[in-house]
Amino acid sequence: MSIDIDTAARVAKLARIKVEPEALPALAAEFNAILGFIEQLGELDVDNVEPMTSVTPMALPRRADVVTDGNQQAKVLANAPDAREGFFAVPKVVE
Amino acid sequence: MLDLPLTTPKPKVIAGAKQDWELVIGMEVHAQVASNAKLFSGASTKFGAEPNSNVAFVDAGMPGMLPVINDFCVEQAVRTGLGLNAEIHLTSAFDRKNYFYPDLPQGYQISQLYHPIVGEGEVLVELGDGTARIVRIERIHLEQDAGKSIHDMDPAMSFVDLNRTGVALMEIVSRPDIRGPEEAAAYVVKLRQIMQYLGTCDGNMQNGNLRADVNVSVCSPGQYEKYQATQDFAHLGTRCEIKNMNSMRFIQAAIEVEARRQIAIIEGGGTVTQETRLYDPDRNETRSMRSKEEAHDYRYFPDPDLLPLVIERAYVEGIAANLPELPDAKKARFINDFGLSDYDASVLTADTASAAYFEAVAATTDGKLAANWVLNELFGRLKKDEADITASPMSPTQLAGIIALIKSGDISGKIAKDLFEIVYTEGGDPAQIVAARGMKQVTDTGAIEAAVDAIIAANPAQVEKARQNPKLAGWFVGQVMKATGGKANPAAVNQIVAAKLAL
């Protein structure tokens, strides 16, 4: 897989990271280097091998359906650049 | 499922300027799991709380917070799957669907794209006219809901409430087996009914606990059959997805208006572009959600915070063993055991509360009479009060008592309606009320004969007229009923009047 400059720009946009146009060629080259490194894994035959999701055998921890959290409006809003009447206030987004 | 051969409904056909067009519809229904806490946090799911008060740091997307899955939500997804005769996947997994929006603080939604917990199932969708269709379910997966953005509180700002963020949803995805707006609504009604029976989703559309995305396309007659024979989508038209509708009326209107829009494009020589659209009920039109299109690259990948969800066969069997009787089975039983009509059985099984009420009444009386009194008198009276069956001031035992008095001949049908009103408004034991207020039907023919004699004696002119025109006998019956305060047995009065007038 090869990442061109347009793809690098698109990935940056989707990630909401501002990248100056002159920085895009270097970014695309870095992507390609990383992907090339990862693609070495393609040389392995992993047919009939279950994906390993955990180093030690573990089950997904589960929780009972009990309310144990919440009621901390002030804390939730503490880092918000703007909050009004208990809401986060953000620049208008309308469909 | 019922073993009856189905008469399938005809697809909706819209006549274009050039040819007829058929509709093809698939739906994604988002059903909120009826849980106390959220899918991955311990915050409450209660509707209508202070903004941002039902929020854990996990929901707010704070760094370092880890999701822990709610056991009950897993169970409800399995229950719903079993209720839709679906395959349950013992191993499923969670993926991240990445996009930016102010009401999604994590920057991704945790969903199940690659390995959903529930696979293929089916649901029987009945239309009012006796036709029915089996709609195939493709999958059900668990996912997080997003928060709520409010756009009309400030001219320059949107306000965001994260109370709904992270609440568990079951997304139920159908195959494109739905062929018209009415069928689409009937499908959602049926899903809601099944989930209410199962107790997995309360189905409250007004609060947004049940919402539907609708995929609509149009095709020439004959094309759909080719799709069904081959399962090849190439035979169908390009679809558009109408997002997030929370009313049966809007679902139907949106499908109709979207189909007409597509037909106009195709007949005008254009091509339909696959896209996400929004229905505007005020203008009755759909329009493109361009912002969604731009972000359509969701870059799904397995969520590294969550191990695969593995459940045991025995766990699933345990849930299956405790499923309640479902709507199709209950309806069939009401028809077979109580001799109800298809329609009456449908209405009585529409929700569990109505069905339970009816069964409690029918347990001690005649099933058909019980159905008539519940459907006509009780539902009618409740409607007048804008009350729900669960708020009925009359208990099943009281209604059964009234019906028993009719069956035993103690009261006439007319008096029964008066008695119904008394019991409904004042309460009390029907039999005691009848005894205390002297409402018992007079079946003593001697007493009725005396009343008839008195009226004949007092109205010689009417007697003469009635002999010429026997239809006027009804006037005498009316007078006797009046004289006896409505308590005379109407059949006996009719007979005696006819005999005395020598008709």
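The rules we used
Along each chain, residue indices are assigned from 1 in the same order as the chain's sequence is written. Working convention: letters from A go to chains and numbers from 1 go to ligands, in the order in which they are written. Per-residue local features are limited, in this predicted model, to residues with pLDDT of at least 70; the limit for side-chain atom pairs, both in listing and counting, is 80 or more; totals at the level of whole chains, interfaces and linings are taken over all residues. As a convention, hydrogens and water are excluded, and side-chain values are obtained from all of the structure's heavy atoms. Grid spacing is 1 Å over the protein atoms alone, the probe is 1.4 Å, and a cavity is where that probe fits but cannot get out, while a pocket is an open set with protein on both sides within 12 Å along at least five of seven lines and lining residues have an atom within 4 Å of a point. Grid points are joined across faces, edges and corners, and a volume is the space filled by probe spheres set on the points. Numbering of helices and strands runs from the N terminus; a helix is a DSSP stretch of H or I covering at least four residues, while a strand is a stretch of E covering at least two. In the scheme used here, Gly and all other residues not listed as nonpolar or charged are polar, with Ala, Val, Leu, Ile, Met, Phe, Trp, Tyr, Cys and Pro taken as nonpolar and Asp, Glu, Lys and Arg as charged. Throughout, a residue-residue contact means that at least one pair of heavy atoms, one from each residue, lies within 4.5 Å. For any pair of parts, buried area is found by adding up, for both, the accessible area (1.4 Å probe) each one loses once the two are put together. The term salt bridge refers to a side-chain nitrogen of Lys or Arg lying within 4 Å of a carboxyl oxygen of Asp or Glu. For this analysis, a polar contact is any N or O atom pair within 3.5 Å, provided that within protein one partner can donate a hydrogen and the other can accept it, and provided that sequence-adjacent residues contribute only side-chain to side-chain pairs. For two strands to be treated as a pair, DSSP must find no fewer than two bridges joining them. Segmentation of the chain into domains, including their bounds, is taken from an automatic or database domain assignment. With a 1.4 Å probe rolled over the protein chains alone, any residue whose accessible area is under 20% of its type maximum counts as buried; one over 50% counts as exposed, and the rest are partly exposed. Helix axes use the C-alpha atoms of the stretch in contact, all axes being lines fitted to C-alpha atoms, and the angles between their N-to-C directions lie in the range 0 to 180 degrees. For classification purposes, an angle smaller than 35 degrees is called roughly parallel, one larger than 145 roughly antiparallel, one from 65 to 115 roughly perpendicular, and anything else oblique. Helix crossings fall into two classes, left-handed where the near helix is turned counterclockwise from the far one by less than a right angle and right-handed where it is turned clockwise. What is meant by a nonpolar core is a set of buried Ala, Val, Leu, Ile, Met, Phe, Trp, Tyr and Cys residues, joined one to another through side-chain atoms within 4.5 Å. Patches here: salt-bridge-free residues with over 30% relative accessible area, like charges joined within 9 Å, nonpolar side chains (Val, Leu, Ile, Met, Phe, Trp, Tyr) joined within 5 Å. For the accessible areas, the method is Shrake-Rupley and the probe is 1.4 Å, while residue cover comes only from the protein chains on display.

**Some points on the layout of surface pockets**
All names here are of chain B.
Turning to step 1, where the next piece is worked out: Put simply, the second largest pocket is a space of about 920 Å³.
Turning to step 2, where the next piece is worked out: Where the lining of the second largest pocket is concerned, the elements lending two or more residues are strand S7 (121–126), helix H2 (181–198), helix H7 (327–338) and helix H8 (342–348).
Turning to step 3, where the next piece is worked out: Here the residues of the lining of the second largest pocket are counted per class, giving 15 nonpolar, nine polar and seven charged.

**A look at the interface of chain A and chain B**
Turning to step 1, where the next piece is worked out: In this complex, chain A contributes 40 residues to the contact, which on the side of chain B involves 55 residues.
Turning to step 2, where the next piece is worked out: Taken together, both faces of the contact between chain A and chain B bury some 4,000 Å²; the carbon and sulfur share is 57%.
Turning to step 3, where the next piece is worked out: Here Arg 62 of chain A ties to Asp 71 of chain B by a salt bridge, and the two come within 2.8 Å at their closest N and O atoms.
Turning to step 4, where the next piece is worked out: The tally of links between chain A and chain B comes to 27 residue pairs in polar contact (both at pLDDT 80 or more).
Turning to step 5, where the next piece is worked out: With five residues, strand S3 (residues 87–91) of chain A is the largest single contributor of residues to the side of chain A that touches chain B.
Turning to step 6, where the next piece is worked out: Residue classes in the side of chain A that touches chain B are distributed as 18 nonpolar, nine polar and 13 charged.
Turning to step 7, where the next piece is worked out: Of the pairings in the sheet, the one linking S3 of chain A to strand S10 (residues 157–161) of chain B comprises four bridges and is antiparallel in character. For Phe 88 of chain A, the partnering residue across the bridge sits in S10 of chain B and is Val 160 of chain B.

**Some points on the domain arrangement of chain B**
Residue and element names in this part refer to chain B.
Turning to step 1, where the next piece is worked out: Taken as a whole, chain B is organised into domain 1 (20–297), domain 2 (325–436) and domain 3 (445–500).
Turning to step 2, where the next piece is worked out: One C-alpha centre belongs to domain 1, the other to domain 2; they are set 37 Å apart.
Turning to step 3, where the next piece is worked out: Taken together, the contact between domain 1 and domain 2 spans eight residues of the former and 11 residues of the latter.
Turning to step 4, where the next piece is worked out: Both sides together, the interface formed by domain 1 and domain 2 hides about 770 Å², and carbon and sulfur atoms give 58% of it.
Turning to step 5, where the next piece is worked out: Applying the counting rule to domain 1 against domain 2 returns two salt bridges.
Turning to step 6, where the next piece is worked out: As a salt-bridge pair, Glu 126 and Lys 331 come within 2.8 Å of each other at their nearest N and O atoms.
Turning to step 7, where the next piece is worked out: Put simply, domain 1 and domain 2 have four residue pairs in polar contact (both at pLDDT 80 or more) between them.
Turning to step 8, where the next piece is worked out: Looking at the side of domain 1 that touches domain 2, the elements that each hand over two or more residues are S7 and H2.
Turning to step 9, where the next piece is worked out: By residue class, the composition of the side of domain 1 that touches domain 2 is four nonpolar, two polar and two charged.

**As for the side chain of Gln 193 of chain B**
Turning to step 1, where the next piece is worked out: With respect to the element layout, Gln 193 of chain B can be found in helix H2.
Turning to step 2, where the next piece is worked out: Residue classification places Gln 193 of chain B among the buried residues on the basis of a relative accessible area of 11%.

**Brief notes about the packing of helix H9 (residues 352–362) of chain B against helix H11 (residues 396–407) of chain B**
Residue and element names in this part refer to chain B.
Turning to step 1, where the next piece is worked out: The geometry of H9 relative to H11 is characterised by a closest axis approach of 8 Å and an angle of 45° between their N-to-C directions. Here H9 lies oblique to H11, going by the angle between them. Relative to H11, the crossing made by H9 is right-handed. Here Tyr 357, Ala 360 and Val 361 of H9 lie close against H11, whose contacting residues are Pro 396, Leu 399, Ala 400 and Ile 403.

**Some remarks on the nonpolar core**
Residues and elements named next belong to chain B.
Turning to step 1, where the next piece is worked out: Among the nonpolar cores identified, the biggest contains 107 residues, and Met 27, Tyr 187, Ile 251 and Leu 399 are the most heavily contacted of them.
Turning to step 2, where the next piece is worked out: Counting residues domain by domain, this core receives three or more from each of domain 1 (20–297) and domain 2 (325–436).
Turning to step 3, where the next piece is worked out: Those residues in contact with Leu 399 that lie beyond four places of it in its chain are Tyr 357, Val 361, Trp 373, Val 374, Leu 378, Met 394 and Phe 420.
Turning to step 4, where the next piece is worked out: Counting 18 residues, the second largest nonpolar core, distinct from the first, contains Ala 451, Ile 456, Val 493 and Leu 501.

**Structural notes on a nonpolar patch on the surface**
Residue and element names in this part refer to chain A.
Turning to step 1, where the next piece is worked out: Together, Ile 34, Phe 37, Ile 38, Leu 41, Leu 44, Val 46 and Val 49 give the surface a local cluster of nonpolar side chains, amounting to about 730 Å² of exposed area.
Turning to step 2, where the next piece is worked out: Here Leu 44 lies in the loop between helix H2 (24–39) and strand S1 (62–63).
Turning to step 3, where the next piece is worked out: Judged by relative accessible area, Leu 44 falls into the exposed class, the value being 56%.

**Details of the sheet that holds strand S5 (residues 95–98) of chain B**
Residues and elements named next belong to chain B.
Turning to step 1, where the next piece is worked out: Strand order in this open sheet of three strands is S6-S5-S16, and the pairing throughout is antiparallel. The two strands at the open ends of the sheet, each matched to only one other strand, are strand S6 (108–111) and strand S16 (301–302).
Turning to step 2, where the next piece is worked out: Bridge count for S5 against S6 is four bridges, and the pairing is antiparallel. Considered in S6, the bridge of Arg 96 is made with Ile 110.

**Comments concerning the packing of helix H1 (residues 71–83) of chain B against helix H6 (residues 313–321) of chain B**
Residue and element names in this part refer to chain B.
Turning to step 1, where the next piece is worked out: For the pair H1 and H6, interaxial distance at closest approach is 10 Å and the crossing angle is 65°. Here H1 and H6 pass one another in a crossing that is right-handed. Contacts between H1 and H6 involve Asp 71, Val 74, Glu 75, Val 78, Arg 79 and Leu 82 from the former and Tyr 315, Val 316, Ile 319 and Ala 320 from the latter.
Turning to step 2, where the next piece is worked out: In the contact of H1 with H6, the residues fall into seven nonpolar, no polar and three charged.

**Remarks on empty space enclosed by the protein**
Residues and elements named next belong to chain B.
Turning to step 1, where the next piece is worked out: Scanning the model with the defined rule gives one cavity of 30 Å³ or more in all.
Turning to step 2, where the next piece is worked out: Quantified by volume, the largest cavity comes out at close to 40 Å³.
Turning to step 3, where the next piece is worked out: Lining the largest cavity we find Asp 59, Leu 104, Pro 105, Gln 106, Tyr 108, Gln 144, Asp 145, Thr 165 and Gly 166.
Turning to step 4, where the next piece is worked out: Each residue belonging to the lining of the largest cavity can be placed in one class, and the counts come to three nonpolar, four polar and two charged.

**Let's talk about the pattern of salt bridges**
All names here are of chain B.
Turning to step 1, where the next piece is worked out: The final tally for this structure, using the stated rule, is 40 salt bridges over all chains.
Turning to step 2, where the next piece is worked out: Note that Asp 145 is salt-bridged to Arg 164, the shortest N-O span being 3.3 Å. Placement of the pair is Asp 145 in the loop between strand S8 (132–144) and strand S9 (148–150) and Arg 164 in the loop between S10 and strand S11 (168–174), with a sequence separation of 19 residues.
Turning to step 3, where the next piece is worked out: For Asp 145, a relative accessible area of 5% puts it in the buried group.

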